[in-house]
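Okay, here's what each chain looks like letter by letter:
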Amino acid sequence: MYLFLFYPSALVFPAMIVLLIALCFTDGALSQIRYSVPEEAEHGTLVGNIAEDLGLDLTKLASRRFQVVPSSRTPYLEVNLENGVLFVNEKIDREQICKQSASCQLNMEVFLENPLELFRIEIEVVDINDNPPSFPETDITVEISESATPGTRFPLESAFDPDVGSNALRTYDITNNNYFYLDVQTQTDGNKFAELVLEKPLDREQQAAHRYVLTAVDGGQPPRTGTALLVVKVLDSNDNVPVFEQPIYTVSLSENVPVGTLVIQLNATDLDEGLNGEIVYSFSNHISSRVKELFSIDPRTGRIEVRGEVDFEESSLYQIFVQAKDLGPNAVPAHCKVLVKVADVNDNAPEITFSTVTESVSEKAAPGTVIALLSVTDRDAEENGQIHVEILGDVPFKLKSSFRNYFTIVTDGLLNREQADSYSVTVVARDKGTPSLASSKSIRVQVSDENDNAPTFTQSVYDVYVTENNVPGAYIHAVTALDPDIGQNALISYSILECDIQGMSVKTYVSINEETGYLYALRSFDYEQLKDFTFMVRAKDSGAPELSSNATVKVIIVDQNDNAPLVLAPLGKNGTAKEPLPRSAEPGYLVTRVVAMDADDGENARLSYSIQRGNENGMLRMDWRTGELRTARRVSAKRDPHQQYDLVIEVRDHGQPPLSSSASVLVMLVDSMAEGQGVGDKVGTSKAKDGALDLTLILIIALGSVSFIFLLVMIVLAVRCQKDKKLNIYTCLTSDCCLGCSSCCSRQGRSRKKKLSKADIMLVQSTVNVSGPGTAQVPVEESGSFGSHHQNQNYCYQTKHHRTELSYLVERPRRVNSSAFQEADLVSSKDSGHGDSEQGDSDHDATNRGHSSGADLFSNCTEECKALGHSDRCWMPSFGPSDGRQGLDYRSNLHVPGMDSVPDTERGRGFASSFRVDIPETA
């Protein structure tokens, strides 16, 4: 689509300027617009408004960085970047810029950013008729033989008009005469030349010379002219002219051929003889000067050779006009035309031009971000001018074709400055000629940093050891964090996260240098009050947004030997403890024990005891480990005449340097323990008064520890008791029943009136197995539900005067050897645990039933008893009230220690034990 716009030229050209706009939209949002401007236009002449003609928003030109591609700038034109007006900056001389080219245009590229839009501006320079035609010489001489026949043509030297088109040379005129007229012809390139045509035979004798005014007229409005004096000399006749083989010769010549290369060998013939037949070759007068620079002709041979550098890119066709003239008098030249077609050779490598380059790109730039705009050209033609463009290497960039030979370099992925902070992007352009030619250009693209990396500590946990009693403000450690970013993004500041240590802010304990990460102690630490504490430090960069990370710092206080031992016992009045020593004491007698403690730890708290003075005769010795003060020998009245030993006991720790304390102990010799107790009471009273607080604290700690251990043991026992309980057989016989019949057991039981206690009862086994008076054998059957075998064993009750031992063993599938469990079952086997034995207890019940058989003894046994083991409920008789009502069995309230938490299903499990039942004999 073409749109014609007219702009008035108020400065130079009064006519209208035709503006041709061609909008061609491609993938890169590119357009082309075309203007025309007359040459010789004055500075400031308006060419057009690019922004308005393209429909751009004038208010956004500055924000979108409207600008001219630097490589396309021209001194003749300028663009106002604020309003888009294109105007003449310098007077344009078309003939100087484009020579004789039919078309003369200036190219300019402008572009906008955000988004990228490229516009190609073509400005056609319109020729004006500002140059008149001119002849090379003001006098032109033509020699014509008088024998020339009418119609003979004589080429005249052409006039030259720098203008083109309609303003170029249009025609030639000659003064009116009777002998000649001009025949104006047009060459293939459009140039005009004139031939002088003989219209009437000449007669040298009548007129030897003819003078005419030759006028060259151009096609301008108004037309301009140039004149020369044409002098025609009439020569004597030479009636044969040279003749070429053909009027037009066509040859092909490769560009860049070396100088001296043969173009063509011309040959003309002349039928005359002698000098009239000897031919001389030369270029015609109207040949261009450029052809004379590139080619030469041998006057004698007609050989045309290459004289200069033939370049296809300059011109692909050359016309050489040659004349041949003999050496005879009044020679008439013959003319021919040689057309030289220049063949293209791939002698031009592609040219790469960067129009705009972005110096740096953010590492968070999205794929497709434009980095640079470039154009690639090749002056060769056809395949030699076809170009393939690529980017070398493995870089995160790619080429994108924009418009014709324009390309953009865009990002092809995400960038990471920490991996590569810059890239060298090399663009290679290669044509398709043979051999292929290539060129390359490189640009350096810097990757700007973004804050995408948080600082990282070199350690996740720092263990800091600080010796106690440090100086407040002392350096204790340094934490270090690294950030791979740069600049402000890598500027790290350190801080301590708020937390409490023993109810106070951590910032009252330590501080940190926010620039270096150095940690300082703000107070003097005491190992005895605080052994360690933990806090967190944070490293934060200065980027936007800020990124941070944390690390844990554990400060461990290292103990120093800064506490001397403290003597806790013995304590006495005025710092001296008094301890009695009986004179009858044996060697090794414990006089007292020195108890001390040290608030330090480790070797600093390991104590040793020694006697510093007061034991010169070696009466006493001190255990250096335990602090026990004992006698080293017997007390001798001769060797020990004095009544007391005033000892100084030193307690020393093992720290470096060691610290010590001393205690004063006055050991007093006494004759008897009664006297010693008196002294001891006094000493005890003094100790109670002086050290009540310390001893009370020690006793509380000791009692608490014992109670905790006892509770723990009871819990373990309760759990273990669930596994194995209950004996299968409960029985007891008197000592007489072991040797007599069953009837005596009844009498023996009735004759006893004393109440038995548990301490008086012990189950024993008889050492003899005989039958006699007072002996009753009781068969005992173990329940078969446990898979054990049957066996008969003898059991009896025996008084303390007739005591024998019983080995009591019951086979069980599971055995528990804990003595605590054995004791619990012993209680169950003796009595109901309700107090002293009464009627209904196990011993009384067994005695009353001694006259019965073994089966009667266990007549109250149930299947539960047989399966789970015998108990009081099984073999003790039932009691009912006298009024016949069903009474409550008092045994239901019996309590067996250790059996509370044991379920009934577990109480029948047997175990191996050995025990005695002692029955005191009654009067």
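Since the model is a prediction, treat every value here as computed from it, not as a measurement. (Residues numbered from 1 in each chain as written. Predicted model: local features only at pLDDT ≥ 70, side-chain atom pairs only at ≥ 80, totals over all residues. Heavy atoms only, no water.)

J.: I keep staring at unusual backbone geometry and nothing clicks. Help me out?
T.: Among all residues except glycine, the phi angle is most often negative; among peptide bonds, the trans geometry is most common. The amide bond that connects Gln221 to the next residue, Pro222, takes the cis arrangement and shows omega of -5 degrees. Checked against the element boundaries, Pro222 lands in the loop between strand 15 (209–218) and strand 16 (225–235). In this structure, the amide linkage connecting Ala544 to the following residue, Pro545, adopts the cis form with an omega of 0 degrees. Residue placement: Pro545 occurs in the loop between strand 43 (532–540) and strand 44 (548–558). Unlike most non-glycine residues, Arg65 shows phi in positive territory, near 55 degrees. For Arg65, a relative accessible area of 47% translates into the label partly exposed. In this model, Gln502 sits at a positive phi of 55 degrees, which is unusual for a non-glycine residue. Structurally, the position occupied by Gln502 is in the loop between strand 39 (500–501) and strand 40 (504–505). (Helix = DSSP H or I, 4+ residues; strand = E, 2+ residues; numbered from the N terminus. Buried < 20%, exposed > 50% of the residue type's maximum accessible area, 1.4 Å probe, protein only.)

J.: Would you mind showing me how to read the layout of surface pockets here?
T.: With a probe scaled to a water molecule rolled over the atoms, the places where space remains empty come into view. As a volume, the largest pocket reaches approximately 1300 Å³. Taken together, 35 residues line the largest pocket, and the ones lying closest to its centre are Gln100, Phe160, Asp189, Asn191 and Ser288. Residue assignment for the lining of the largest pocket shows that the elements contributing at least two residues are helix 3 (289–294) and strand 24 (317–326). Residues belonging to the lining of the largest pocket are distributed by class as follows: 13 nonpolar, 13 polar and nine charged. (1 Å grid on protein atoms, 1.4 Å probe; cavity = no way out; pocket = protein on both sides within 12 Å on 5 of 7 lines; lining within 4 Å. Points joined across faces, edges and corners; volume = space filled by probe spheres on them. Nonpolar A, V, L, I, M, F, W, Y, C, P; charged D, E, K, R; others polar.)

J.: Looking at this model, I keep getting lost on the sheet that holds strand 33 (residues 438–448). Mind explaining?
T.: Pairing between sheet strands relies on hydrogen bonds along the backbone, with the strands arranged either parallel or antiparallel. Read across the sheet, four strands follow the order 27-33-32-29 without closing on themselves; strand pairing throughout is mixed. With one partner strand each, in any of the chains shown, strand 27 (360–362) and strand 29 (387–391) form the two edges of the open sheet. Mean inter-strand twist for the sheet, computed between neighbouring axes without regard to direction, equals 30 degrees. Summarising the sheet, strand 32 (residues 422–431) and strand 33 pair through nine bridges and their orientation is antiparallel. Note on strand 33: the bridge partner recorded for Ala429 is Ser439. (Pairing = 2+ DSSP bridges. Axes fitted to C-alpha atoms, helices over the stretch in contact; angles between N-to-C directions.)

J.: What is the right way to look at the nonpolar core in this model?
T.: It is characteristic of soluble globular proteins that their nonpolar side chains tend to be buried jointly. Judged by nonpolar contacts, the single largest core of 30 residues is most densely connected at Phe244, Leu266, Phe295, Ile304, Ile320, Val322 and Val338. Those elements giving two or more residues to this core turn out to be strand 18 (248–254), strand 19 (262–265), strand 21 (279–283), helix 3, strand 22 (295–297), strand 23 (303–306), strand 24 and strand 25 (334–343). Ignoring anything within four residues of it in the chain, the contact list for Val322 reads Phe244, Leu266, Ser282, Phe283, Ser284, Ile297, Ile304, Ala334, His335, Cys336 and Val338. (Core = buried A, V, L, I, M, F, W, Y, C linked by side-chain atoms within 4.5 Å. Contact = heavy atoms within 4.5 Å.)

J.: Mind showing me how you'd approach a nonpolar patch on the surface here?
T.: Among the surface-exposed residues, Phe708, Ile709, Leu712, Val713 and Val716 lie close enough to one another that they form a single nonpolar patch of about 470 Å² accessible area. When you line up the elements, Phe708 lands in helix 5 (residues 692–721). (Patch = residues over 30% accessible without salt bridge, like charges linked within 9 Å, V, L, I, M, F, W, Y side chains within 5 Å. Areas by Shrake-Rupley, 256 points an atom, 1.4 Å probe, with all protein chains shown as cover. Salt bridge = Lys/Arg side-chain N within 4 Å of Asp/Glu carboxyl O.)

J.: Sorry, what's going on with the packing of aromatic side chains here?
T.: For any pair of aromatic rings, the description consists of the separation of the ring centres together with the inter-plane angle of the planes. A complete count under the given rule lists 13 aromatic pairs for this structure. Centre to centre, the rings of Phe457 and Tyr462 are 6.4 Å apart; their planes meet at 75 degrees, and the pair counts as edge-to-face. What makes Phe457 buried here is its relative accessible area of 9%. Classification of Tyr462 as buried rests on a relative accessible area of 1%. With a centroid separation of 5.5 Å and an interplanar angle of 50 degrees, the aromatic rings of Phe525 and Phe533 are classed as tilted. (Phe/Tyr/Trp six-rings, centres within 6.5 Å; stacked < 30°, edge-to-face > 60°.)

J.: Whenever I open this one, the side chain of Thr45 confuses me. Can you help?
T.: Its place among the elements puts Thr45 in the loop between strand 3 (31–38) and strand 4 (46–49). At a separation of 2.7 Å, a polar atom in the side chain of Thr45 contacts the main-chain carbonyl oxygen of Glu42. (Polar contact = N/O pair within 3.5 Å; in protein donor to acceptor, adjacent residues only side chain to side chain.)

J.: Which parts of the structure should I look at to understand the pairing of strand 28 (residues 370–377)?
T.: Successive residues of a regular strand alternate their side chains across the two faces of the sheet. In terms of burial, strand 28 is a largely internal element, six of the eight residues being buried. Summarising the sheet, strand 26 (residues 351–357) and strand 28 pair through six bridges and their orientation is antiparallel. Bridged to Val357 within strand 28 is Ala372. Sheet analysis places strand 28 next to strand 31 (residues 406–411), joined by five bridges and oriented antiparallel. Its bridge partner lying in strand 31, Ser375 is registered against Tyr406.

J.: Sorry if this is basic, but what is going on with the environment of Cys104 here?
T.: Relative to the helices and strands, Cys104 is located in the loop between helix 2 (94–98) and strand 8 (105–112). Ignoring sequence-local partners within four residues, the contact set of Cys104 consists of Arg94, Ile97, Cys98, Ile123, Glu124 and Val125.

J.: How do you make sense of the pattern of salt bridges when you look at a structure like this?
T.: Note on pairing: side chains with opposite charge can pair once their charged atoms come close. Scanning the model with the defined rule gives 24 salt bridges in all. For the salt bridge of Arg300 with Glu278, the shortest nitrogen-to-oxygen distance reads 2.3 Å. Of the two residues, Arg300 sits in the loop between strand 22 and strand 23 while Glu278 sits in the loop between strand 20 (268–269) and strand 21, which places them 22 residues apart along the sequence. Note on Arg300: relative accessible area 53%, which makes it exposed. The partner of Arg630 in a salt bridge is Glu628, with the nearest N and O atoms 3.0 Å apart. For Glu628, a relative accessible area of 21% puts it in the partly exposed group.

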